[in-house]
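# Chains, contacts and geometry: an overview
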Amino acid sequence: MYAVLYETVLKRGKLILLRARGENGNTSESLPEEWDPANVKGYAFATTKNGKAASDSVCLTIA
């Protein structure tokens, strides 16, 4: 699974590898210094094993 963090004012994104399918737990990631957390949106999605197809994305709450 993956997450994309998107800073809406700077129009920059960051792709983050999350846990493997079926793994439980939390993942933490630091934002770049110039990013304002109030302007960050997050989305998660999964891909097939070969990476040729992706699921619909799910909006995340950024805390």
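Summary of the structure given here. For every chain, the first residue of its written sequence is number 1, and the numbers climb from 1 along that sequence. It should be noted that, the model being predicted, local features are given only for residues of pLDDT at least 70 and side-chain atom pairs only at 80 or more, the latter also being counted only at that level, while totals for whole chains, interfaces and linings use all residues. Only hydrogens and water are removed before side-chain values are computed, so all heavy atoms of the structure are retained for them.

Definition used in this section: a nonpolar core is a set of buried Ala, Val, Leu, Ile, Met, Phe, Trp, Tyr and Cys residues joined via side-chain atoms within 4.5 Å. Only protein chains enter the calculation, and the probe is 1.4 Å; a residue is then buried if its accessible area is under 20% of its type maximum, exposed if over 50%, and partly exposed in between. With five residues, the main nonpolar core is built from A3, L5, I16, W35 and V40. Sequence-distant contacts of V40, defined by excluding residues within four places in its chain, comprise L5, Y6, E7, L31, W35 and I62. Residue contacts are counted whenever heavy atoms from the two residues lie within 4.5 Å of one another.

Here we take up the sheet that holds strand β3 (residues 40–45). With respect to topology, four strands assemble into an open sheet ordered β2-β1-β3-β4, the strand pairing being antiparallel. Each end of this open sheet is capped by a strand with a single partner; those strands are β2 (12–17) and β4 (58–60). Put simply, the sheet's adjacent strands are angled 25° from each other on average, direction ignored. Two strands qualify as a pair provided DSSP detects at least 2 bridges between them. Here a helix means four or more residues in a row that DSSP labels H or I, a strand means two or more in a row labelled E, and each is numbered from the N terminus. Taken together, the three bridges between β3 and β4 define a ladder with antiparallel strand orientation. Lines fitted to the C-alpha atoms define the axes, with helices restricted to the stretch that makes contact. Angles between their N-to-C directions range from 0 to 180 degrees.

This part covers the side chain of E7. By the secondary structure assignment, E7 is in strand β1 (residues 2–7). When charges are counted, neither His nor the chain ends are considered; positive counts come from Lys and Arg and negative counts from Asp and Glu. What counts as a salt bridge is simple: a side-chain nitrogen of Lys or Arg found within 4 Å of a carboxyl oxygen of Asp or Glu. Of the side chains bearing the opposite charge, R12 lies closest to the buried E7, which forms no salt bridge; the N-O distance is 8.2 Å. Each residue touching E7, except ones within four places of it in the same chain, is listed here: R12, W35, D36, N39 and V40.

So, about the packing of aromatic side chains. Ring pairs are drawn from Phe, Tyr and Trp, using the six-membered ring of Trp, whenever the two centres fall within 6.5 Å, and their geometry is named by plane angle: stacked under 30 degrees, edge-to-face over 60, tilted for the rest. Per the stated rule, a full pass over the model turns up one aromatic pair. With a centroid separation of 5.6 Å and an interplanar angle of 20°, the aromatic rings of Y2 and F45 are classed as stacked. Of this pair, Y2 sits in strand β1 while F45 sits in strand β3, and the two are 43 residues apart along the sequence. Under the relative-accessibility criterion, F45 is labelled buried at 18%.

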